[in-house]
Amino acid sequence: MARLILLCFKLILLYSIAEAVFEDQVGKFDWRQEYVGKVRFALFDMQAQSSKKVLLATEQNVFASLNSRTGDLYWRHVDKTGPDGNIDTLLLHGQDAVQVVGNGRLLRSWEINIGGLNWEMVLDSGSFQAACFVGLQDSVKYVAVMKKTAISIHYLYNGHQKWLENLPESDTVQYQAVYSGGNGEVYTLGVVPHSHIAIVVYSLEDGEITKQISVEAPWLSDIQAGCAVVGQGILICVDPATVSLYTLDLQEESQMTQIPLQSLGLEVSPGFQPALVSTQPNPARPPLSEFFLQLGPDHHLLLQLSSGQIVTLRDFKPALLASFATTGDKTVAAVMSPKNKTACTLNLFSADSGRRLLDTTLIFNMDPNGGKPEKLYVQAFLKKDDSVGYRVIVQTEDHTLTFIQQPGRVVWTREEALSDVVTMEMVDLPLTGTQAELEGEFGKKADGLLSMVLKRLSSQLILLQAWMSHLWKLFYDARQPRSTVKNEVTIENLSRDEFNLQKMMVMVTASGKLFGIDSKTGTILWRHYLDNIPSNAAFMLMVQRTTAHFPHPPQCTLLIKDKDTGLATLHVFNPIFGKKSHITPPALPQPILQSLMLPLIDQDYAKVLLLVDDQYKVSAFPSTKNVLQQLQEMASSIFFYLIDSNQGTLSGYRLRTATTTTLFATGIVFICDAAVI
């Protein structure tokens with residue numbers, strides 16, 4: 001009977017502590033972060049002064065709308081991965097955003113307020129070249145899409161095709177640009193490299209060719225890279241070989257006019273490819289007569305085409321980035337110049353005169369753990385006194401987006417590198433001083449009984465002190481307004497929880513930026529950008545030493561390998577703080593074939609990493625005398641497996657010691673056919 005009562009008591013006790021997840025809790029996230037990727041196109045919604053939307057199209061085939069005041073997503077569309085979902089171009093007029101997707105396969109129109117699809121048209125297959133809005137009588141009604149062999153005009157409101165015409169001599173002429181100045185005609189510009197420019201003019205009404213001319217240009221090979229249309233249909237090109245500008249009136253002239261840069265007092269930086277930037281605020285009107293000419297990495301000029309003559313309005317040197325922006329009938333030029341090694345300044349200039357606008361200086365402080373500024377997206381607006389104000393999005397090399405307003409206040413930052421995480425490791429957090437004290441609260445047997453008792457008492461006093469401090473903080477926070485209580489997670493207050501569930505998430509991204517993220521809250525605790533990472537690099541992250549070996553700091557090693565050359569480098573860092581280690585990794589002059597982490601440790605508790613190069617020479621890291629001795633003893637039981645994807649073979653090698661300091665992978669154990677998928 002007693003046993004039955006005891007059993008019932010246990011069942012009641014178990015029932016009382018049993019827990020379950022409610023149905024509405026299934027699928028909930030502790031935290032979630034949404035990203036869009038490296039930005040390819042960014043356009044501000046300029047319908048109204050109070051508009052807060054900025055549209056982004058990225059290299060990850062994502063089309064999204066952000067709140068420019070908070071950086072949060074209004075909506076996001078993720079297209080197919082690969083070339084089929086690639087966003088070729090993005091155009092914005094009013095509430096309609098027009099995309100060409102998949103190398104000209106699809107033409108889409110989106111309603112930007114809710115992100116709904118207005119219409120979608122499947123186009124004829126062909127290589128996409130360019131697209132633009134086509135306006136008539138101060139209104140935009142059409143979209144022109146040019147492929148390698150044809151051009152088509154579509155209605156803006158429903159996407160239906162108005163007409164489609166083949167491009168003449170498309171087998172020899174490379175058509176690269178399309179232009180319309182609102183005069184009822186559509187211009188297509190092509191080039192036969194190092195020969196001539198082909199210009200074909202179509203009637204907007206029925207697609208009939210109204211004009212077709214050929215202009216000699218033996219110095220030109222790429223229109224998109226070196227040319228721009230400005231003013232009343234004037235094509236301007238820059239040639240670094242002859243150090244000259246060339247102009248051509250698309251409506252009247254049949255010969256290009258050469259203007260040596262030396263006659264303007266200008267010269268191109270050695271080895272630099274000059275670039276032109278023009279602006280067309282209204283697709284139903286011709287572009288502005290002002291344009292930027294970049295002559296060096298930090299040299300921009302604001303030029304104006306007036307009565308066939310080119311006039312220098314302002315010379316910006318040094319100037320890292322330059323961009324146009326329009327609000328109402330005013331167009332301004334925003335220029336970013338370096339202030340010092342850690343900051344840049346932005347200023348606005350009148351586009352038609354080059355005069356600097358007063359009270360428009362903005363300071364951009366560069367993140368020492370980030371990349372350099374790469375692109376500039378400017379949102380201009382009119383103030384109450386009719387002066388021009390502006391906000392700006394700065395995109396850096398590490399794919400970070402920073403939204404800034406005067407006088408330099410950072411409104412928000414988005415770490416878009418996290419959209420492409422290539423590898424990750426979870427690292428235990430370090431013990432606090434109290435936890436470390438409790439780990440050794442009994443002391444060691446060699447200390448004696450009295451010493452162990454005193455050690456235990458001191459540990460308990462430390463624990464009591466920490467508990468009282470925690471209670472005092474809870475009492476103090478309870479008396480404060482909730483808005484003033486800060487529970488932010490920082491590296492200073494980050495420590496291991498009772499069950500060691502909270503970790504440091506060390507993430508490596510494709511851009512070469514490293515992050516340390518708190519697994520409990522998703523807070524980014526540290527970030528570090530690695531310069532000069534190859535665009536096609538492969539990464540391998542290894543934890544060589546954890547936090548369990550105090551006072552030795554934890555250690556991670558990142559192997560960065562160029563897929564084309566096979567050359568690799570090692571980056572050694574502390575995963576808790578993100579700081580580079582003082583340990584110097586070995587130089588790797590030869591391409592690396594394989595890496596292997598061994599269960600062996602050196603005298604500082606770091607695991608041994610072996611690297612095999614294309615000469616089958618093996619490098620050990622760390623390579624202390626103790627490590628090399630262990631490797632010599634275990635060499636006969638260490639094997640490498642290499643796959644040749646071209647030959648479809650799997651080869652096995654064994655470690656061999658040549659000398660006390662030299663290791664080789666030799667003695668082929670087997671070679672077999674392998675199915676490489």
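Treat the numbers as computed from the prediction; the structure is a model and nothing was measured.

Focus on the overall build of the protein chain
Okay, step 1: Helices and strands together make up the secondary structure of the protein chain, namely five helices and 45 strands.
Okay, step 2: The buried share of the protein chain, taken over its 677 residues, is 45%.
Okay, step 3: Counted over contacts in the protein chain with a minimum sequence separation of 6, partners at least 24 positions apart contribute 43%.
Okay, step 4: Accessible area for the protein chain stands at about 35800 Å²; split by element, carbon and sulfur atoms hold 53% of it.

Digging into the state of the cysteines
Okay, step 1: Going through the model one piece at a time under the given rule, you end up with one disulfide.
Okay, step 2: Covalently, cysteine 227 is tied to cysteine 237 through a disulfide, its sulfur atoms 2.1 Å apart. Residues cysteine 227 and cysteine 237 are joined through a disulfide that is right-handed, its torsion about the S-S bond being 110°. In this pair, cysteine 227 is assigned in strand S17 (residues 227-230) and cysteine 237 in strand S18 (residues 234-239), connecting sequence segments 10 residues apart. As far as burial versus exposure is concerned, cysteine 227 and cysteine 237 are alike and both buried.

As for the sheet that holds S17
Okay, step 1: If you walk across this open sheet you meet the four strands as S17-S18-S19-S20, and the pairing is antiparallel. Whereas interior strands pair on both sides, the edge strands pair on one side only; in this sheet they are S17 and strand S20 (257-260). For this sheet the average axis-to-axis angle between neighbouring strands, irrespective of direction, equals 25°.
Okay, step 2: By the bridge criterion, four bridges tie S17 to S18 in an arrangement that is antiparallel. Bridge pairing in S18 places valine 230 opposite isoleucine 234.

Points about the sheet that holds strand S39 (residues 568-573)
Okay, step 1: Strand order in the open sheet formed by three strands is S37-S38-S39, with antiparallel pairing between adjacent strands. On the outer flanks of this sheet lie strand S37 (537-545) and S39, each paired with one strand and no other. Each adjacent strand pair in this sheet contributes to an overall mean axis angle of 20°, direction not counted.
Okay, step 2: Bridging between S37 and strand S38 (residues 555-562) involves eight bridges; their strand directions are antiparallel. Note on S38: the bridge partner recorded for valine 543 is cysteine 556.

So, a nonpolar patch on the surface
Okay, step 1: A surface patch of nonpolar side chains, about 610 Å² in accessible area, is lined by Leu461, Leu464, Trp467, Met468, Leu471 and Leu474.
Okay, step 2: Summarising the element assignment, leucine 471 is placed in helix H4 (residues 449-478).
Okay, step 3: Relative accessible area serves as the criterion here: at 35%, leucine 471 is assigned to the partly exposed category.

Some thoughts on the nonpolar core
Okay, step 1: Leu189, Ile199, Leu220, Leu235, Leu250 and Met256 are the most contacted members of the largest nonpolar core, which has 22 residues in total.
Okay, step 2: At the level of elements, strand S13 (174-179), strand S14 (185-192), strand S15 (196-203), strand S16 (209-216), S17, S18 and strand S19 (244-249) are the ones that each hand at least two residues to this core.
Okay, step 3: Those residues in contact with leucine 189, other than ones at most four positions away along the chain, are Gln174, Tyr175, Gln176, Ala177, Ala198, Ile199, Ile223, Val229, Leu235 and Leu250.

A closer look at the pattern of salt bridges
Okay, step 1: Within this structure, the stated rule accounts for 12 salt bridges.
Okay, step 2: For aspartate 79, the salt bridge is made with arginine 108, and the minimal N-O distance between the two is 2.5 Å. You can see aspartate 79 sitting in the loop between strand S4 (73-78) and strand S5 (87-93) and its partner arginine 108 sitting in strand S7 (residues 106-111), a full 29 residues away along the chain.
Okay, step 3: Its relative accessible area of 11% is what places arginine 108 among the buried residues.
Okay, step 4: Counted as one network, the salt bridges with shared partners bring together Asp398, Glu415, Lys513 and Arg527.

Side note on unusual backbone geometry
Okay, step 1: Along the chain, glutamine 406 connects to proline 407 via a cis peptide bond; the corresponding omega equals 5°.
Okay, step 2: Within the secondary structure, proline 407 sits in the loop between strand S31 (400-405) and strand S32 (409-415).
Okay, step 3: Each neighbour pair has its own omega, and for phenylalanine 621 with proline 622 the value is -5°, a cis peptide bond.
Okay, step 4: Structurally, proline 622 can be placed in the loop between strand S42 (617-621) and helix H5 (625-634).

A word on the environment of aspartate 206
Okay, step 1: Tracing the chain through its elements places aspartate 206 in the loop between S15 and S16.
Okay, step 2: For the pair aspartate 206 and leucine 164, spaced 42 residues apart in sequence, the C-alpha to C-alpha distance is 9.3 Å.
Okay, step 3: Residues contacting aspartate 206, with those up to four places away along its chain left out, are Trp163 and Glu165.
Okay, step 4: Separated by 3.4 Å, the side chains of aspartate 206 and serine 203 make a polar contact.
Okay, step 5: Separated by 3.1 Å, the side chain of aspartate 206 and the backbone nitrogen of glutamate 208 make a polar contact.

Here's the deal with the packing of aromatic side chains
Okay, step 1: Applying the stated criterion across every chain yields a total of 13 aromatic pairs.
Okay, step 2: With a centroid separation of 5.8 Å and 55° between ring planes, the pair formed by phenylalanine 63 and tryptophan 110 is classed as tilted. Note that phenylalanine 63 is positioned in strand S3 (residues 62-67) and tryptophan 110 in strand S7, a separation of 47 residues in sequence. Like tryptophan 110, phenylalanine 63 is buried.
Okay, step 3: Here the aromatic rings of tyrosine 142 and tyrosine 155 are separated by 5.5 Å at their centres, their planes lie at 50°, and the arrangement is tilted. With tyrosine 142 in strand S10 (residues 139-147) and tyrosine 155 in strand S11 (residues 150-155), this residue pair connects regions lying 13 residues apart in the sequence.
Okay, step 4: On the basis of relative accessibility, which here comes to 24%, the residue tyrosine 155 falls in the partly exposed class.
Okay, step 5: Counting every residue linked through ring pairs, the aromatic cluster contains Phe292, Phe316, Phe324 and Phe349.
Okay, step 6: It is arginine 391 that lies over the ring of phenylalanine 381; its NZ or CZ is 4.4 Å from the centre.

Structural notes on a negative patch on the surface
Okay, step 1: Together, Glu59, Glu374, Glu397 and Asp531 line one region of the surface with negative charge.
Okay, step 2: Mapping aspartate 531 onto the fold places it in the loop between strand S36 (524-529) and S37.

Details of H5
Okay, step 1: Listed in full, the buried residues belonging to H5 are Val627, Leu628 and Leu631. Viewed end-on, H5 has its buried residues packed into an arc of 95°, placing them on one side of the element. With respect to the buried face of H5, the exposed residues turned more than 90 degrees away are Lys625 and Glu633.

The rules behind these values
- Residues numbered from 1 in each chain as written.
- Predicted model: local features only at pLDDT ≥ 70, side-chain atom pairs only at ≥ 80, totals over all residues.
- Heavy atoms only, no water.
- Helix = DSSP H or I, 4+ residues; strand = E, 2+ residues; numbered from the N terminus.
- Buried < 20%, exposed > 50% of the residue type's maximum accessible area, 1.4 Å probe, protein only.
- Contact = heavy atoms within 4.5 Å.
- Areas by Shrake-Rupley, 256 points an atom, 1.4 Å probe, with all protein chains shown as cover.
- Disulfide = S-S within 2.5 Å.
- Pairing = 2+ DSSP bridges.
- Axes fitted to C-alpha atoms, helices over the stretch in contact; angles between N-to-C directions.
- Patch = residues over 30% accessible without salt bridge, like charges linked within 9 Å, V, L, I, M, F, W, Y side chains within 5 Å.
- Salt bridge = Lys/Arg side-chain N within 4 Å of Asp/Glu carboxyl O.
- Core = buried A, V, L, I, M, F, W, Y, C linked by side-chain atoms within 4.5 Å.
- Polar contact = N/O pair within 3.5 Å; in protein donor to acceptor, adjacent residues only side chain to side chain.
- Phe/Tyr/Trp six-rings, centres within 6.5 Å; stacked < 30°, edge-to-face > 60°.
- Lys NZ or Arg CZ within 6 Å of the ring centre and 35° of its normal.
- Lys, Arg positive; Asp, Glu negative; His and termini not counted.
- Charge placed at Lys NZ, Arg CZ, Asp CG, Glu CD.
- Arc of directions from axis to C-beta.

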